[in-house]
Amino acid sequence: AITVALVSLASNVTSESQLSAQANTLLAVRSTLSKLANSGAVWAGLPILSGWLVRRPRHAFAAGIVASLLALVVHYGVGQLFGMFDETVWAGNRMWFALALVMGGPLGLVGVVARGSGPSGLIARLIVPAGAVIEPFYRGIFRVPTILPWPERVASAAAGAILVVAGVVGAAMLIRRQRRQPGMQNGSDLRPTASEQTSSTEPPGRTAPPSPRRIRR
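These numbers come from a predicted model, not from an experiment. (Residues numbered from 1 in each chain as written. Predicted model: local features only at pLDDT ≥ 70, side-chain atom pairs only at ≥ 80, totals over all residues. Heavy atoms only, no water.)

### Topic: the overall build of the protein chain
Next, step 1: The number of helices and strands found in the protein chain is eleven helices and zero strands.
Next, step 2: Along the protein chain, helices and strands appear, N-terminal first, in the series α-α-α-α-α-α-α-α-α-α-α.
Next, step 3: Within the protein chain, buried positions represent 31% of all 217 residues.
Next, step 4: Contacts in the protein chain between residues far apart in sequence, at least 24 positions, make up 69% of those at least 6 positions apart. (Helix = DSSP H or I, 4+ residues; strand = E, 2+ residues; numbered from the N terminus. Buried < 20%, exposed > 50% of the residue type's maximum accessible area, 1.4 Å probe, protein only. Contact = heavy atoms within 4.5 Å.)

### A closer look at the nonpolar core
Next, step 1: One finds V4, A5, W43, L46, A67, A71, L72, V74, Y76, V89, F97 and A100 forming the largest nonpolar core, which totals twelve residues.
Next, step 2: Broken down by secondary-structure element, the contributors of at least two residues to this core are helix 1 (2-10), helix 4 (40-54), helix 5 (57-81) and helix 7 (94-113).
Next, step 3: Here the element with the most residues in this core is helix 5; it accounts for five residues.
Next, step 4: Setting aside residues no more than four positions away along its own chain, V74 makes contact with I2, A5, L6 and G79. (Core = buried A, V, L, I, M, F, W, Y, C linked by side-chain atoms within 4.5 Å.)

### Quick look at the layout of surface pockets
Next, step 1: The computed volume of the largest pocket comes to approximately 1000 Å³.
Next, step 2: Taken together, 36 residues form the lining of the largest pocket, with S39, G40, W43, W96 and L99 sitting closest to its centre.
Next, step 3: Secondary structure elements with two or more residues in the lining of the largest pocket: helix 3 (24-37), helix 4, helix 5, helix 7, helix 9 (127-138) and helix 10 (150-189).
Next, step 4: Of the residues contributing to the lining of the largest pocket, the split by class is 21 nonpolar, twelve polar and three charged.
Next, step 5: Approximately 250 Å³ is the volume attributed to the second largest pocket.
Next, step 6: As for the second largest pocket, its lining consists of G45, I48, L49, W52, G111, A114, A124, R125, V128, P129 and L174. (1 Å grid on protein atoms, 1.4 Å probe; cavity = no way out; pocket = protein on both sides within 12 Å on 5 of 7 lines; lining within 4 Å. Points joined across faces, edges and corners; volume = space filled by probe spheres on them. Nonpolar A, V, L, I, M, F, W, Y, C, P; charged D, E, K, R; others polar.)

### Overview of helix 9
Next, step 1: Taking 1.5 Å of rise per residue, the twelve residues of helix 9 would be expected to cover 16 Å, and the 15 Å separating its terminal C-alpha atoms lies within 8% of that figure.
Next, step 2: Taken together, the buried positions of helix 9 are P129, A132, E135 and P136. All buried residues of helix 9 fall inside an arc of 125° around its axis, so they share one side. Relative to its buried face, helix 9 has exposed residues pointing more than 90 degrees away, namely I134, F137 and Y138.
Next, step 3: Taken from the residues just after helix 9, G140 is the one with a positive phi, measuring 70°. (Expected span 1.5 Å × (residues − 1). Arc of directions from axis to C-beta.)

### Notes on the packing of helix 5 against helix 7
Next, step 1: Relative to each other, helix 5 and helix 7 sit at 140°, their axes nearing to 7 Å. The angle between helix 5 and helix 7 falls in the class oblique. Classified by chirality, the crossing of helix 7 by helix 5 is right-handed. From helix 5, P57, A60, F61, G64, I65, S68, L69, L72, V73 and Y76 reach across to helix 7, where they touch W96, F97, A100, L101, G104, G105, P106, G108, L109 and V112.
Next, step 2: Residues belonging to the contact of helix 5 with helix 7 are distributed by class as follows: 15 nonpolar, five polar and no charged. (Axes fitted to C-alpha atoms, helices over the stretch in contact; angles between N-to-C directions. Parallel < 35°, antiparallel > 145°, perpendicular 65-115°, else oblique. Left-handed = near helix turned anticlockwise from the far one by under 90°.)

### What to know about the pattern of salt bridges
Next, step 1: Under the criterion given, the structure shown has two salt bridges.
Next, step 2: For E152, the salt bridge goes to K35, with nearest N and O atoms at 2.8 Å. Of the two residues, E152 sits in helix 10 while K35 sits in helix 3, which places them 117 residues apart along the sequence.
Next, step 3: Judged by relative accessible area, which is 27%, E152 ranks as partly exposed.
Next, step 4: Exposure remark for K35: the relative accessible area of 24% places this residue in the partly exposed category.
Next, step 5: E135 is the partner of R139 in a salt bridge, and the nearest nitrogen-oxygen pair spans 2.8 Å.
Next, step 6: Look at E135 and you get buried, because its relative accessible area is 10%. (Salt bridge = Lys/Arg side-chain N within 4 Å of Asp/Glu carboxyl O.)

### Brief notes about the environment of M103
Next, step 1: Summarising the element assignment, M103 is placed in helix 7.
Next, step 2: Along the backbone, M103 and S68 are 35 residues apart, and their C-alpha atoms lie at a distance of 9.0 Å.

### Focus: the packing of aromatic side chains
Next, step 1: Counting across every chain of the model gives five aromatic pairs.
Next, step 2: Here F137 and F142 contribute two aromatic rings whose centre-to-centre distance is 5.4 Å and whose plane-to-plane angle is 50°, an arrangement assigned as tilted.
Next, step 3: Put simply, the rings of Y76, F85, W90 and F97 touch in pairs and so form one group of aromatic residues.
Next, step 4: The side chain of R115 reaches across the aromatic face of W52, ending 4.1 Å from its centre. (Phe/Tyr/Trp six-rings, centres within 6.5 Å; stacked < 30°, edge-to-face > 60°. Lys NZ or Arg CZ within 6 Å of the ring centre and 35° of its normal.)

Right under this line is the structure:
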């Protein structure tokens, strides 16, 4: 939670050269990183990861809320400490704190379900990749007004493309891994045991030759 909060905060730091349009390339790169670090997929994935690590439903529910609130407190608190925000930042962003209280717990439970190997586990694991794909279109990241400076337009398009590609690739990897698991289990059930392997390597049974008998006269 602290890492997400600090990375998100650091990505918002803007130098004077960026503000004066003397470092537009650097501004485009920083804006791209800022949009990724502040994306809904990242912040929603935080309580899901917390629940996945805790495992138990009750603890996961609480961990999702605590992780979300902790990230917000660190983000705005450190930003205010370094003069990036003023005292009104808490009231101005109370919506995010309310959202963390409401959604942090359920998302923590999603992390618990994501540990399962069945269809429900796969669906839970696909929530973050699916969110990464949907978010750019839902927020209209690809429809940036042309009146904005080119660094902002490039950053929006780049961040949107990265989210979509990351979501598609992540979902494909999860689905492929899910398909492999049943095959491996079925294959293991069909493997012969050690005794069967030993018996299968022996040549077909042969009858022992009759012992020679002495012919008595």
